[in-house]
Amino acid sequence: MSDSPKLTRRPEWTALEDHRADSLQRPRLRELFAADPARAERYVVRVGDLRIDYSKHLVNDETLALLQELAAATDVFGLRDAMFRGEKINVTEDRAVLHTALRAPRDAVVEVDGENVVPQVHAVLDKMSDFAERVRSGAWTGHTGRRIRNVVNIGIGGSDLGPAMAYEALRTFTARELTFRFVSNVDGADLHEAVRDLDPAETLFIVASKTFTTIETITNATSARSWLLAGLGGEEKAVARHFVALSTNAGKVTGFGIDPDNMFEFWDWVGGRYSFDSAIGLSLMIAIGPDRFRELLDGFHTVDEHFQNAPAEANAPLILGLLGIWYGNFFGAESHAVLPYSHYLSKFTAYLQQLDMESNGKSVDRDGQAVGWETGPVVWGTPGTNGQHAYYQLIHQGTRLIPADLIGFARPAAELGDELKAQHDLLMANLFAQGQALAFGKTADEVRAEGIPEEQVPHRTFQGNHPTTTILARELTPSVLGQLIALYEHKVFVQGAVWNIDSFDQWGVELGKVLAKRVEPALTQGADVPGLDPSTTALVAAYRELKNA
Ligand code: F6P
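- As recorded in an unreviewed UniProt entry, the protein goes by the name Glucose-6-phosphate isomerase, listed as coming from Streptomyces guryensis.
- According to UniProt, the comment filed for the protein under the heading Function (unreviewed entry) is "Catalyzes the reversible isomerization of glucose-6-phosphate to fructose-6-phosphate."
- Under Catalytic activity (unreviewed entry), UniProt gives the following word-for-word description of the protein: "alpha-D-glucose 6-phosphate = beta-D-fructose 6-phosphate".

Have a look at this one:
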């Protein structure tokens, strides 16, 4: 058990509490900028191709210094170094946490239990590249000799969200002649809709599951196999040409009937939500090609190096992590919005939900003691302009403090036609306008000066002072996507380190899984399930009645 003081009793924590109480309840962004306009340039950090502007935060130099002292006191960089060294910092599972090794260059050395894992990583990447090229070129054919035109990834959580998100993000880099679908939900409608217009002879299923025991994935994969066999005359050997697996569990893959040669391996030191740059990215690699996939990995690696080497005051993931702590722990902010001004990032926030909420949704510390402080926020959001016409009202004029990230690009996708490209400035004008409106609002006097009748003035006044980070890059490339994801991965890491929680386990999803298995026979066969609570028993009875009516 660690003998370090509880987080909230540390002097660095109480110093932040005092600072928060001192700073006029809530420092006003109007005043902060009036007093120090240069913060617009000073509170900017660059990493790789990303320009990260955190000037519109409720902080001044003193706040940032105090937050940095908290990071130093909680030894964030010590834990970071232990992670990169391959130490077993996932304490409850006794595992190393080495997604960073997945994007390490070929000549790097990263050891787990005395063994350099980088050669294995590159061996799998090479095997993936070879396979991806064969599918893309048509050299890999289906059972009947026809080329593969459809790729269906079956997985859930980290085995779905990453490739599905990145496929959308990088659509303009994808082989447009191929169709990609992502099936995750155990609701049969998901698989039905994914395959209903596909020809089995031209369809490749990628079964993605770290454990290869996840009920949703195995159930969908089994149904997909039946669909395939039904379409190909029931010949079992067709499976070998139409199914590949991405997993750490060779035994289960073979048991399912997938040829081990068609398995792309990864390792228990890769967490599910940190896995899409492992073999889990195979569908994406087929879509964008091995070279682009390697650019994506290089993007991740750029930010890994920055996180490892940049000094604390210029370390982007550290700064973003600490800002989140400032709002979550000292202002009572409960959520964090991620608002990309890019249609291609439509699944980005959903991806981050797992990354952040499965990592930091914890209420005991690394020693198993209840934490006495708030941990991970609710992460939410959708692409910006759509959100403006839906929920931004609440951010602007509601009663809650919702820090937000605004993400945008200077250039639209190269493949857009001229007229659609011209819309890009309007898109980005919205991003900048929202950042300004959220930060500076509109005072009652400004509203009156417009001649608005007095009774309407309160309704049309914007308090402002809503903090945002603006992340800009020239364009959304594979490398930039990798940089963005690594930025958030390490931000989540920083927060978990300060909160002294294990960001790399996910025991919270277990109970529901176990109970679902127990409840299922009650639904299918009306079996008595001992231990069901009265409410659930009544629900099950109502369900059966409706089902059988
Ligand atoms: O939701 C729990 C979880 O274990 C995630 O962490 C993981 O990404 C997902 O299920 C899928 O797991 P697997 O890849 O083992 O099928």
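### Structural notes on the site of the ligand
- Neighbouring the ligand are 13 residues; Ser159, Ser209, Thr211, Thr214 and Glu358 lie closest to it.
- Between the ligand and the protein, one listed contact pairs an oxygen atom with a backbone N or O atom of Gly158 at 2.7 Å.
- Interatomic distance of 2.5 Å between a side-chain N/O atom of Thr214 and an oxygen atom of the ligand.
- Relative to its unbound accessible surface of 390 Å², the ligand loses 89% to contact with the protein.
- For the ligand, the cavity whose grid points lie within 2 Å of the majority of its atoms is the largest pocket.
- Of the residues belonging to the shell around the ligand, the class tally is 2 nonpolar, 9 polar and 2 charged.

### Section: the sheet that holds strand 12 (residues 404–409)
- Strand order in the open sheet formed by 6 strands is 1-2-13-12-10-11, with mixed pairing between adjacent strands. A strand with exactly one partner marks an edge of an open sheet, and here the two such strands are strand 1 (44–47) and strand 11 (378–380). Averaged over all pairs of adjacent strands, the angle between their axes in this sheet comes to 15°, without regard to strand direction.
- In the sheet, strand 2 (residues 50–53) pairs with strand 13 (residues 468–473) via 3 bridges, with the strands oriented antiparallel. When the bridges of strand 13 are listed, Asp53 appears paired with Thr470.

The rules behind these values
Residues numbered from 1 in each chain as written. Predicted model: local features only at pLDDT ≥ 70, side-chain atom pairs only at ≥ 80, totals over all residues. Heavy atoms only, no water. UniProt positions renumbered as here; feature names shortened; annotations may be inferred. Near = heavy atom within 4 Å. Polar contact = N/O pair within 3.5 Å; in protein donor to acceptor, adjacent residues only side chain to side chain. Areas by Shrake-Rupley, 256 points an atom, 1.4 Å probe, with all protein chains shown as cover. 1 Å grid on protein atoms, 1.4 Å probe; cavity = no way out; pocket = protein on both sides within 12 Å on 5 of 7 lines; lining within 4 Å. Sits in = over half its atoms within 2 Å of the grid points. Nonpolar A, V, L, I, M, F, W, Y, C, P; charged D, E, K, R; others polar. Pairing = 2+ DSSP bridges. Helix = DSSP H or I, 4+ residues; strand = E, 2+ residues; numbered from the N terminus. Axes fitted to C-alpha atoms, helices over the stretch in contact; angles between N-to-C directions.

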